[in-house]
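Chain by chain, the residues run as shown.
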Amino acid sequence: MKRYFIHTFGCQMNVNDSLRMSEVLSQMSYAPTPVPDNADLIILNTCSIREKAEDKMLSALGRYKPVKASRGALIGVGGCVAQQEKDKLLKKVPYLDFVFGPDNIARLPDIINRVSAERERVVETAFVNSEEYVFPRADPETSRGKVTEFVTVMKGCDNVCSFCIVPHTRGREVSRAFPDVLVEVADLAKVGVREVTLIGQNVNSYAGGISFAQLLLRTAEVPGIERVRFTTSHPHDLSDELIEAFRIQPKITPHFHLPVQCGSDRILKMMRRDYTVEQYLERLAKLREARPGIAVTTDIIVGFPGETEEEFEMTMKLTEQVRYDNQFSFVYSPRPKTGAALREKDWGPVPHEVKIARLERLQKLQRRISGEITAALVGTEVEVMVEGHSRYDPTKRFGRTPENRTVNFDGDAPAGAFVTVKVERATPNQLAGTQVALLKPPTVEPLPVPVGETPFHAVAEA
Ligand code: SAM
Ligand code: SF4
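Residues numbered from 1 in each chain as written. Chains lettered and ligands numbered in written order. Predicted model: local features only at pLDDT ≥ 70, side-chain atom pairs only at ≥ 80, totals over all residues. Heavy atoms only, no water.

### Some points on the site of ligand 2
Residues in close proximity to ligand 2 include Cys157, Asn159, Cys161, Phe163, Cys164, Val166, Pro167, Gln201, His234 and Arg273, which together make up its full environment. Considered class by class, the residues forming the shell around ligand 2 number six nonpolar, three polar and one charged. (Near = heavy atom within 4 Å. Nonpolar A, V, L, I, M, F, W, Y, C, P; charged D, E, K, R; others polar.)

Put into structure tokens, the structure is as follows:
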């Protein structure tokens, strides 16, 4: 049997794509290997959202060159860099055998046969027409033993945020028909999954036959499913109907990731984000009124072209005002063919040192706020869905609260159980404590293997 190794970069969409690749390869009688050195096939599933991710991919590619020299392994690049660079990548990397875009995963058998039988170097990066696109269906058996899973509900993005390369690499939005989503969720529930996260680049513009709010409500009704999450959303599609779903269905977890990107209306306009800070705050206030205590997280870009010190201060002020539970903040990275990159010279690039200094200030502020929020939980009891053993200490258990806070605790509940945990210690990103009571046992017998251990190709490098 031949062996394959997949190196995944980037977001959860890529992790999911890597899992689909591994299913396709298993049907071709390839077996996974956790190390590249004994692989016959190496695939890099790439991310191009920021330049750094692209550089990391190129240096990893260099590390795999000796495996090709020593045992003739085939090397392919998939994902967003593949889609962006196409045949240019073959020219740049002479030992690369094939390049394929995110829409071409199902074509892997054909691509690999052409490369190995005909010694052809192959590029497959055409987007599939929206009407013809078939969402690869996850094999539920690969999820047995897991309690939380991701389910793809849409792909691509129809927005035109001026900093973002996603519309260029992932194509137009296509929504998956809602009955297919619900069947996949039901299949996952049958193998013991109790929490699903519906994923897409912009899930609240979902159009698979019902609204996104209705999709969440229907998902929450699938027998065995206790928690429903989703990621990621654009603030301009945060409808009243979606807010109402949070009010009426407690299984929709009290956590909303709502990327604001920055606190200045002028910069938001240049980013083509379609909302003002005031409109964003109005949506958030409505959401918090519908579900008091909801955790809110966000994405921020600092150092967007033309951002002044005063405008950066507006992002700091917004961070204080909203008191986000957490933020994912990045320095602006110009991406090929995007509106902001094309106009960066006119708008005035922010010097790298300034960007880094602003990022550090913002992250320091957010750490303080996150720390204050988690410190207030010390002494309280929180509900935790057990996901497995703690990564830091195998004698402890690990799980998450409904607000998506990670908790490591002393206890004996198996994966899939719901427990209450008394919080004894807190850091800005984690809680620690002791199990107090078992609320619900798991729905299926837990597997004897260490639960929650992620397949190696399902761990992405940022
Ligand atoms: N669809 C989501 C939205 O509308 O907010 C965002 C998805 S994007 C994959 C994840 C995050 O990467 C963005 O929210 C943004 O903060 C960040 N990002 C995207 N392009 C970037 C760039 N050129 N430079 C720095 N960060 C970027
Ligand atoms: Fe990129 Fe998100 Fe904007 Fe789409 S909505 S272009 S994925 S930042």
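### Quick word on the confidence of the model for the chain
This prediction gives the chain a mean pLDDT of 92; 96% of its residues lie at or above 70. In this model, residues 448-458 is a region of pLDDT below 50 whose contacts with residues beyond four sequence positions or in other chains number 24 contacts. (pLDDT = per-residue confidence, 0-100. Contact = heavy atoms within 4.5 Å.)

### Some details on the sheet that holds strand E16 (residues 397-400)
Sheet architecture is closed into a barrel: five strands sit in the order E15-E16-E17-E19-E18, paired in mixed fashion. Direction aside, the axes of adjacent strands within the sheet are offset by 50 degrees on average. By the bridge criterion, four bridges tie E16 to strand E17 (residues 406-410) in an arrangement that is antiparallel. Note that in E17 the partner of Arg397 across the bridge is Phe409. (Pairing = 2+ DSSP bridges. Helix = DSSP H or I, 4+ residues; strand = E, 2+ residues; numbered from the N terminus. Axes fitted to C-alpha atoms, helices over the stretch in contact; angles between N-to-C directions.)

### Describing the pattern of salt bridges
By the definition in use, this model includes 39 salt bridges. The closest approach of N and O atoms between Glu387 and Arg400, which form a salt bridge, is 3.1 Å. Separated by 13 residues along the polypeptide, Glu387 in strand E15 (residues 381-389) and Arg400 in strand E16 bring together distant segments of the chain. Exposure remark for Glu387: the relative accessible area of 10% places this residue in the buried category. (Salt bridge = Lys/Arg side-chain N within 4 Å of Asp/Glu carboxyl O. Buried < 20%, exposed > 50% of the residue type's maximum accessible area, 1.4 Å probe, protein only.)

### Some points on the site of ligand 1
Neighbouring ligand 1 are 16 residues; Phe163, Gln201, Gln261, Asp299 and Ser333 lie closest to it. In this structure, Gln201 approaches ligand 1 through a main-chain N or O atom, which is 2.7 Å from a nitrogen atom. In the complex, the protein chains occlude 91% of the 570 Å² of accessible area that ligand 1 would expose alone. When residues of the shell around ligand 1 are traced back to their parent elements, those giving at least two are strand E13 (295-302) and strand E14 (326-331). In terms of residue class, the shell around ligand 1 is made up of seven nonpolar, five polar and four charged. (Polar contact = N/O pair within 3.5 Å; in protein donor to acceptor, adjacent residues only side chain to side chain. Areas by Shrake-Rupley, 256 points an atom, 1.4 Å probe, with all protein chains shown as cover.)

### Brief notes about unusual backbone geometry
In terms of backbone geometry, most residues other than glycine have negative phi values and most peptide bonds are trans. In this structure, the amide linkage connecting Thr231 to the following residue, Thr232, adopts the cis form with an omega of 5 degrees. Notably, Arg119 is not glycine yet its phi reads approximately 55 degrees, a positive angle. Checked against the element boundaries, Arg119 lands in the loop between helix H5 (108-118) and strand E6 (122-124). Positive phi outside glycine occurs at Gln261, with the angle close to 80 degrees. Structurally, the position occupied by Gln261 is in the loop between strand E12 (255-257) and helix H10 (265-270).

### Some words on the pairing of strand E11 (residues 227-231)
Among the five residues of E11, four are classified as buried, and the element is accordingly described as predominantly covered. With five bridges connecting them, strand E10 (residues 195-199) and E11 associate as parallel partners. Bridged to Leu198 within E11 is Phe230. A crossover links E10 with its parallel partner E11, the connecting element being helix H8 (residues 212-220), and its sense is right-handed. (Right-handed = clockwise from strand over helix to strand, strands pointing away.)

### Some thoughts on the packing of aromatic side chains
Going through the model one piece at a time under the given rule, you end up with 11 aromatic pairs. Here Phe230 and Phe246 contribute two aromatic rings whose centre-to-centre distance is 6.0 Å and whose plane-to-plane angle is 65 degrees, an arrangement assigned as edge-to-face. With Phe230 in strand E11 and Phe246 in helix H9 (residues 240-248), this residue pair connects regions lying 16 residues apart in the sequence. Residues Phe230 and Phe246 agree in their burial class; the two are buried. Centre to centre, the rings of Phe304 and Trp347 are 5.9 Å apart; their planes meet at 40 degrees, and the pair counts as tilted. With a gap of 43 residues between them, Phe304 in the loop between E13 and helix H12 (309-322) and Trp347 in helix H13 (residues 339-347) connect regions that are remote in the sequence. Assessed through its relative accessible area of 0%, Phe304 is described here as buried. Three or more aromatic residues joined by ring pairs form one cluster here, namely Tyr206, Phe212, Phe230, Phe246 and Phe256. Across the ring face of Tyr133, the terminal group of Lys155 is positioned such that the distance to the ring centre comes to 4.8 Å. (Phe/Tyr/Trp six-rings, centres within 6.5 Å; stacked < 30°, edge-to-face > 60°. Lys NZ or Arg CZ within 6 Å of the ring centre and 35° of its normal.)

### Describing the environment of Glu309
Tracing the backbone shows Glu309 in helix H12. For the pair Glu309 and Arg358, spaced 49 residues apart in sequence, the C-alpha separation works out to 8.8 Å. With residues near it in sequence (within four places) discarded, Glu309 still touches Arg358 and Arg361. Within the structure, the side chain of Glu309 is placed 2.9 Å from the side chain of Arg361, a separation counted as a polar contact.

### Thoughts on the sheet that holds E11
Taken in spatial order, the three strands make up an open sheet running E7-E10-E11, and their pairing is parallel. Edge positions in the open sheet fall to strand E7 (148-152) and E11, since each of these has one partner strand only. Across the sheet, the mean angle separating the axes of adjacent strands is 25 degrees when strand polarity is ignored. The pairing of E7 with E10 spans five bridges and is classified as parallel. Across the sheet, residue Val151 finds its bridge partner in E10, namely Leu198.

### With respect to H12
The terminal C-alpha atoms of H12, which comprises 14 residues, lie 20 Å apart, in line with the 20 Å expected from a rise of 1.5 Å per residue. Of all the residues in H12, the buried ones are Glu311, Phe312, Thr315, Met316, Leu318, Thr319 and Val322. Viewed end-on, H12 has its buried residues packed into an arc of 160 degrees, placing them on one side of the element. Of the exposed residues in H12, those oriented more than 90 degrees away from the buried face are Glu310 and Lys317. Structurally, H12 contributes buried residues whose contacts are with H10, helix H11 (277-290), E13, E14 and helix H14 (352-375). Once H12 finishes, Arg323 follows within two positions and takes phi at roughly 50 degrees, a positive value. (Expected span 1.5 Å × (residues − 1). Arc of directions from axis to C-beta.)

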